[in-house]
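One-letter residues, chain by chain:
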Amino acid sequence: MFDKYLIDAASLRNTGPADAPTGFSFEAKLGYYRGLGLSMIEKLDVSIDGASLPRAAVRFDEGEGAITLDEMETAYDRRWPFGTAATILVDHPGGFPDGEHELALLQQLRVSYLPFPSINTDAKRVSIEA
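Residues numbered from 1 in each chain as written. Predicted model: local features only at pLDDT ≥ 70, side-chain atom pairs only at ≥ 80, totals over all residues. Heavy atoms only, no water.

Chemist: Lay out the sheet that holds strand β7 (residues 67–68) in plain terms, naming residues and giving numbers.
Modeler: If you walk across this open sheet you meet the five strands as β1-β2-β9-β6-β7, and the pairing is antiparallel. Each edge of the open sheet is held by one strand with a lone partner, namely β1 (7–15) and β7. As judged from the four bridges shared by strand β6 (residues 58–61) and strand β9 (residues 86–91), these two strands associate in the antiparallel manner. Across the sheet, residue Arg-59 finds its bridge partner in β9, namely Leu-89. (Pairing = 2+ DSSP bridges. Helix = DSSP H or I, 4+ residues; strand = E, 2+ residues; numbered from the N terminus.)

This is the structure we're talking about:
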């Protein structure tokens, strides 16, 4: 529904030491018109140039502290409000690759009154300024 607004390209940053990044992060918004409990987010798939990064490498922080995608499955007391940016953190040795690349995010959401999952995707050409 709000797919083109999922990834905030300007928020892309390497994480870890500047001379040896251990990963990268970016902000994202929920692709649904209402907020959802984190346990209702079935999938957050991050990819670079079409190659999906491992699920275990992705963490999520809506402002309450970073958690793994496995931990999100039972985060019944945490919500991602509509319109609020959350930080997606990715363990990726070397950080985000040099140069311009396509960063993509797929969100698969379980909505209680829909008989099918809500799947939202966004992809942007991004780079990190040196």
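From this point on, the discussion continues.
Chemist: Which residues make up the pattern of salt bridges, and what are the values?
Modeler: Where charged atoms from two side chains of opposite charge come close, those side chains can pair. By the definition in use, this model includes eight salt bridges. Notably, a salt bridge pairs Arg-125 with Asp-49, separated by 3.9 Å at the nearest N-O pair. Residue Arg-125 is located in strand β11 (residues 118–126), and its partner Asp-49 is located in the loop between β4 (41–48) and β5 (51–52); the two are separated by 76 residues in the primary sequence. Among the ionic contacts, a cluster of salt bridges with common partners joins Asp-49, Glu-100 and Arg-125. (Salt bridge = Lys/Arg side-chain N within 4 Å of Asp/Glu carboxyl O.)

Chemist: So, the packing of aromatic side chains: which residues are in play, and what are the values?
Modeler: Counted by the stated rule, this structure contains four aromatic pairs. Pairing Tyr-32 with Tyr-33 gives two aromatic rings, centres 4.8 Å apart and planes at 45°, and the pair type is tilted. The exposure class assigned to Tyr-32 is buried, which follows from its relative accessible area of 6%. By the ring-pair criterion, three or more aromatic residues cluster together here, those being Phe-24, Phe-26 and Phe-96. (Phe/Tyr/Trp six-rings, centres within 6.5 Å; stacked < 30°, edge-to-face > 60°. Buried < 20%, exposed > 50% of the residue type's maximum accessible area, 1.4 Å probe, protein only.)

Chemist: So what's going on with the sheet that holds strand β10 (residues 101–109)? Which residues, and what values?
Modeler: Taken in spatial order, the four strands line up as β5-β4-β10-β11 in an open sheet, and their pairing is antiparallel. Across the chains shown, the open sheet's two edge strands, defined by having one partner strand only, are β5 and β11. In terms of strand pairing, β10 meets β11 through nine bridges, oriented antiparallel. Residue pairing in the sheet places His-101 in a bridge with Val-126 of β11.

Chemist: Quick rundown of the side chain of Arg-78? Include the residues and the values.
Modeler: Residue position: Arg-78 is located in the loop between α1 (69–72) and β8 (79–80). Here Arg-78 falls in the buried class, since its relative accessible area comes to 14%. Excluding anything up to four places from it in sequence, Arg-78 contacts Gly-37, Leu-38, Asp-61, Glu-62, Glu-64, Gly-65 and Ile-67. (Contact = heavy atoms within 4.5 Å.)

Chemist: Kindly report on the environment of Asp-70, identifying the contributing residues and their values.
Modeler: Along the chain, Asp-70 falls in helix α1. The sequence separation of Asp-70 and Ile-119 amounts to 49 residues, and the corresponding C-alpha distance is 19 Å. Among the polar contacts listed, one links the side chain of Asp-70 to the side chain of Arg-55, at a separation of 2.9 Å. (Polar contact = N/O pair within 3.5 Å; in protein donor to acceptor, adjacent residues only side chain to side chain.)

Chemist: Could you give an account of the nonpolar core, with specific residues and numbers?
Modeler: The biggest cluster of nonpolar side chains holds 31 residues, and the ones touching the most others in it are Phe-24, Phe-26, Val-46, Ile-88 and Leu-103. For this core, the secondary-structure elements that each account for two or more residues are β1, β2 (23–28), β4, β6, α1, β9 and β10. Counting residues per element, this core draws most heavily on β4, which supplies four residues. (Core = buried A, V, L, I, M, F, W, Y, C linked by side-chain atoms within 4.5 Å.)

Chemist: Tell me what's going on with the environment of Ala-51, and back it up with residues and numbers.
Modeler: When you line up the elements, Ala-51 lands in strand β5. Separated by 66 residues in sequence, Ala-51 and Pro-117 have C-alpha atoms that sit 23 Å apart.

Read these as layout, nothing more, since geometry by itself doesn't imply function.
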